[in-house]
Amino acid sequence: MRRVTGKGKDETLIELQSATDSQTGDGPAVLIAWINLHSDENGGNGVSLSERASLPGHTETDKLQPNKDTVFFRDGVRRIDFVLSWVDDKDVEKKQERRKEFEANLVKAGLELETDDKAESKDQKTYFLKIHAPWEVLATYAEILKIKVPFKESDIHNGQDVPLEWLSHPFRLPEHIMQPKPDYFTYPFNKAKTDFFLITDKDTFFPPSTRNRIVYYILGRCPFYNKGRKDKDKRGIKHLLSNGTYTAAFPLHDCRYWKRARNAECESERYNLYSHWARFLCFYKEQPLNLIRKYYGEKIGIYFAWLGFYTEMLFLAAVVGLICFIYGVLSYDDNTSSHEICAAAIGGSIVMCPLCDKKCPFWKLNSTCLSSWQSHLFDNEGTVFFAIFMGIWVTLFLEFWKRRQARLEYEWDLVDFEEEQQQLQIRPEFEIECTKRRLNKITQEMEPYLPITSKCARFCLSGTTVLFWISLIVACIIGVIAYRLAVYAAFASIIKDPLRKIQVVGRFITPQLATSVTASCINFVIIMILNFFYERVAVWITDLEIPKTHLEYENRLTTKMFLFQFVNYYSSCFYVAFFKGKFVGYPGDYKYMFGKWTKLRNEECDPGGCLIELTTQLVIVMVGKQLWGNIQEALLPLMRNWWSSRKGRRNPENHYSRWEQDNVLQNFTQLGLFYEYLEMVIQFGFITLFVASFPLAPLLALCNNILEIRVDAWKFTTQFKRPVASKARNIGAWLEILNAVAILSVVTNAFIMAFTSDMIPRMVYLYTYGNGSMRGYINSSLSVYQISEIPRNNMPEVQDDWFNISITTCRYRDYRYPPGHKSAYNVTMQFWHILAAKMAFIIIMEHVVFVVKFFVAWLISDVPSDVKARIKRERYLIQEYLHNYEVESLKMQLSASFITEPHTEMSSMTDKHEVLSECL
């Protein structure tokens with residue numbers, strides 16, 4: 001092998017070229033020597049990838065070619081930034097013509113293409129088009145999109161001093177995972193100032209997430225028509241995907257998730273995310289948000305940041321809720337009301353009026369002994385405290401999230417971020433449907449528009465459809481209520497029938513409990529069925545309105561979908577909380593659903609109150625939804641892909657390319673995060689709107705979210721194609737929805753404590769009628785009715801053995817004067833005292849919580865003071881560095897012009913240079 005030292009670079013390169021052309025056999029070794037020489041001359045930095053690619057006999061190509069599990073072109077140098085796939089089907093010629101025109105226009109836009117024939121793919125059916133964006137294209141569009149790139153390493157310390165940091169050490173991840181790259185000062189890219197930015201290697205200057213974002217921007221705007229064609233509005237990859245010209249368009253994952261990439265130039269970030277984030281065994285570890293943002297983009301990063309923060313805040317609510325529940329357990333024996341209900345001398349001697357017509361017998365109060373003890377677990381003094389606490393907690397959650405969001409905006413360079421141009425560009429569907437055009441006053445270009453008459457007609461149809469489907473929800477809820485009324489009598493007769501074997505557990509299963517549980521299960525099934533249709537109806541209605549931009553489309557769909565889900569999930573809980581047992585009447589004047597002809601008498605609450613039924617309803621719907629969601633998100637995909645994953649792992653890498661592996665993964669649609677947010681916001685409604693009835697709801701939500709984070713992470717790293725990176729500085733319209741739910745939760749919890757819970761009547765009795773004791777409360781809360789005055793239609797057909805002719809009166813839950821009183825069966829003064837106390841409680845609780853909420857919101861700044869200071873300092877430093885850069889550039893220009901000027905003008909140029917330098 002020849003020595004190459006001691007020669008000039010150009011001379012050495014010529015000699016190496018000759019050696020390679022002559023094919024003497026030592027070409028690769030000579031090539032390595034040249035690379036080492038070039039590396040020494042450049043301070044050890046080595047040659048760029050493009051320089052290596054230009055060399056003949058490139059050994060890295062030979063090394064990578066057998067391994068198809070790569071993210072590079074066949075030359076092993078140019079990175080694959082995007083992949084399009086298609087299969088031949090009907091309309092082959094038409095689609096082939098579209099592809100030919102589209103790809104020709106991509107080449108005109110500067111992109112480099114490489115095609116894999118179907119014979120090269122494993123299924124022998126799929127074609128793949130690999131796309132690479134060279135430096136010139138990346139630089140051009142980085143300037144158009146105002147992508148911020150580093151120009152100097154930051155000297156501002158972003159780390160926060162954490163007290164007792166050693167305690168959090170087991171929860172921390174390695175520094176190279178948490179901070180995958182150094183912190184830099186950034187500035188929007190400018191092609192004219194390339195020497196201002198820290199560009200060490202043009203091939204790696206833009207990270208893969210930025211590269212795929214730029215390429216997707218080009219794909220979304222590139223036309224697929226000839227100059228002579230009339231359909232000049234036909235442009236964008238979304239059109240081509242919708243009409244089947246291409247079957248998929250996606251950027252590549254950088255490696256397999258279970259092993260690192262063989263090529264050292266691949267980042268293997270997917271493997272790192274799977275190892276440190278997506279596995280359930282990492283559930284107690286912090287999330288690598290910076291790596292998530294680097295790999296998937298800011299929009300997905302902000303979702304996981306919000307979900308993680310929400311889960312952290314749930315820990316506090318779960319602890320307080322658990323303490324309140326433990327208080328209910330510990331005060332179990334101090335419950336005087338339950339003692340009286342269960343006592344044979346009191347509850348055993350009180351005969352209650354039938355709860356339904358004919359089928360329901362007279363019953364003894366002590367038959368509800370177990371349910372009264374269960375009610376006490378959730379209906380006690382601690383529940384009032386917890387309801388007030390949750391009203392304050394939700395404010396703290398939203399305010400601290402705003403601060404966390406502001407910190408992320410600073411750390412992720414989103415402070416000056418404006419909505420990206422591709423988010424505001426016109427949707428392809430809008431262009432297709434709207435054929436009329438008018439002048440845009442801002443861009444001064446002709447653009448499609450939707451006439452006002454068509455817009456009004458579409459909105460009217462959309463509104464009518466929304467009302468119809470909401471009415472359908474209400475109709476289903478009414479159907480479930482009718483079921484409750486109809487089967488209550490059946491359960492009462494079955495459970496009380498001594499010939500039935502169910503009598504063995506009759507003391508544990510009351511008609512109220514059996515009716516409530518079965519109705520809740522039926523309601524949950526209906527919710528799931530309706531939810532299936534509502535997702536499609538909401539999308540259809542939104543498509544019908546033809547929103548102009550993608551941002552407008554997502555906001556409209558968010559509003560409709562949340563409205564549907566709100567009514568669907570919460571309507572049954574609202575019924576139990578605020579309507580059941582409130583319009584019952586009394587013996588002799590019962591109220592019936594849809595009139596007396598229906599014979600469906602309105603439901604009564606248990607003597608212990610309706611709160612335990614609300615708890616049952618909430619637990620079944622909330623837990624059922626979370627279990628079903630986890631089954632859909634994790635178990636079903638896991639079972640579906642179990643065999644294919646094993647098969648994929650057995651396949652040699654040189655037979656199964658990276659683009660083929662990614663092509664079989666699920667598509668991550670534009671609305672992928674929409675459904676994730678929707679699921680969490682619905683859960684947020686459960687733990688805030690009705691949390692007064694079930695203090696353990698935050699604990700259940702916490703356990704679900706710990707699993708949810710890892711399930712979502714697992715889906716993103718293993719089940720989905722790599723999403724196109726996109727920016728977002730906040731969670732969008734969801735924050736306003738959370739604020740609305742937070743305000744509504746204060747009202748609902750106040751009304752639950754006042755009208756659903758039995759807390760206020762007990763407090764009134766304790767301080768007004770009981771002289772500081774709860775003894776006699778049960779007797780005070782039950783009114784008396786003369787059995788002989790009960791209409792025949794309300795009388796039971798069969799009586800229990802214990803019922804005898806000496807029993808002349810029965811009791812019912814109300815505050816009315818007894819028979820024989822001059823105001824018989826009219827409400828007593830105690831009723832009005834309790835009603836006044838309930839209204840006073842609602843007003844006081846709402847005002848206290850709202851005052852504290854607004855005070856906390858005012859006290860906690862949305863942007864931390866240190867972040868404000870860092871933003872100002874960074875802007876100052878950026879301006880300073882830009883100023884110095886411009887001065888140095890001007891000096892170099894003046895120096896160059898000075899050298900080229902005649903000698904006679906040297907003095908005047910020197911003076912001019914000094915004046916300009918002083919001015920600058």
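Before reading on, note that the structure itself is shown above.
For clarity, every value in this text was computed on a predicted model and none was experimentally measured.

Rules of the game
- Residues numbered from 1 in each chain as written.
- Predicted model: local features only at pLDDT ≥ 70, side-chain atom pairs only at ≥ 80, totals over all residues.
- Heavy atoms only, no water.
- Core = buried A, V, L, I, M, F, W, Y, C linked by side-chain atoms within 4.5 Å.
- Buried < 20%, exposed > 50% of the residue type's maximum accessible area, 1.4 Å probe, protein only.
- Helix = DSSP H or I, 4+ residues; strand = E, 2+ residues; numbered from the N terminus.
- Contact = heavy atoms within 4.5 Å.
- Disulfide = S-S within 2.5 Å.
- Axes fitted to C-alpha atoms, helices over the stretch in contact; angles between N-to-C directions.
- Parallel < 35°, antiparallel > 145°, perpendicular 65-115°, else oblique.
- Left-handed = near helix turned anticlockwise from the far one by under 90°.
- Phe/Tyr/Trp six-rings, centres within 6.5 Å; stacked < 30°, edge-to-face > 60°.
- Lys NZ or Arg CZ within 6 Å of the ring centre and 35° of its normal.
- Nonpolar A, V, L, I, M, F, W, Y, C, P; charged D, E, K, R; others polar.
- Pairing = 2+ DSSP bridges.

Caption draft 1: Structural detail: the nonpolar core. Among the nonpolar cores identified, the biggest contains 146 residues, and Trp306, Tyr310, Trp393, Phe397, Phe564 and Tyr570 are the most heavily contacted of them. Here this core gets 16 residues from one element, more than from any other, and that element is helix H13 (residues 298–330). Each residue touching Tyr570, except ones within four places of it in the same chain, is listed here: Gln565, Val681, Ile682, Gly685, Phe686, Leu689 and Phe690.

Caption draft 2: Spatial organisation of unusual backbone geometry. For Lys146, which is not glycine, the phi dihedral falls at a positive 55 degrees. Note on placement: Lys146 falls in the loop between helix H6 (135–144) and strand E4 (148–153). Lys146 gets classed as exposed once you look at its relative accessible area, which sits at 61%. Although it is not a glycine, Tyr825 sits at a positive phi angle of roughly 65 degrees. If you trace the backbone, Tyr825 turns up in the loop between strand E14 (809–813) and helix H29 (829–859). When its relative accessible area of 10% is taken as the criterion, Tyr825 is described as buried.

Caption draft 3: Here's a closer look at the state of the cysteines. Tallied over the entire structure, the rule returns 3 disulfides. For Cys342, the disulfide goes to Cys369, at an S-S distance of 1.8 Å. With the S-S bond torsion at 100 degrees, the cross-link from Cys342 to Cys369 turns out right-handed. Of this pair, Cys342 sits in helix H14 (residues 336–342) while Cys369 sits in helix H15 (residues 369–378), placing them 27 residues apart in sequence.

Caption draft 4: Quick look at the packing of H13 against helix H16 (residues 381–411). One way to put it is that H13 packs onto H16 with a least axis distance of 10 Å and a crossing angle of 160 degrees. Relative to H16, the element H13 lies roughly antiparallel. Relative to H16, H13 is oriented so that their crossing is right-handed.

Caption draft 5: Up close: the packing of aromatic side chains. Within this structure, the stated rule accounts for 69 aromatic pairs. Centroid distance Phe185 to Tyr881: 6.5 Å. Interplanar angle 40 degrees. Geometry classified as tilted. Of the two residues, Phe185 is situated in strand E5 (residues 184–188) and Tyr881 in helix H30 (residues 865–900); the sequence distance between them amounts to 696 residues. With relative accessibility at 0%, the residue Phe185 sits in the buried group. We classify Tyr881 as partly exposed; its relative accessible area is 25%. Cation over ring: Lys721 sits above Phe250, and NZ or CZ is 5.6 Å from the ring centre.

Caption draft 6: Here's a closer look at the packing of helix H24 (residues 672–689) against helix H25 (residues 697–719). Contact pair H24 / H25: the axes reach a minimum separation of 11 Å and the direction vectors enclose 170 degrees. Classified by the angle between their axes, H24 and H25 sit roughly antiparallel to one another. Within the contact between the two elements, H24 uses Leu673, Glu676, Glu679, Met680, Gln683 and Ile687 and H25 uses Ala697, Pro698, Ala701, Asn704, Asn705, Glu708, Asp712, Lys715 and Phe716. The residue makeup of the contact of H24 with H25, split by class, is 7 nonpolar, 3 polar and 5 charged.

Caption draft 7: Molecular detail of the sheet that holds strand E6 (residues 248–250). Within the open sheet, the 4 strands sit side by side as E2-E3-E1-E6. Their pairing is antiparallel. Each having just a single partner strand, strand E2 (112–116) and E6 make up the two edges of the open sheet. With strand direction ignored, the average angle separating the axes of adjacent strands in the sheet is 15 degrees. As judged from the 3 bridges shared by strand E1 (residues 82–87) and E6, these two strands associate in the antiparallel manner. Paired with Leu84 across the bridge in E6 is Ala249. The sheet strands contacting helix H9 (residues 208–221) are E1 and strand E3 (126–132), and the helix crosses E1 at an angle near 50 degrees.

Caption draft 8: Structural detail: the environment of Ile527. In this fold, Ile527 is placed in helix H20 (residues 511–545). A C-alpha to C-alpha distance of 6.1 Å links Ile527 and Asn568, two positions 41 residues apart in sequence. Aside from chain neighbours lying at most four places away, what touches Ile527 is Asn568, Tyr569 and Val621.

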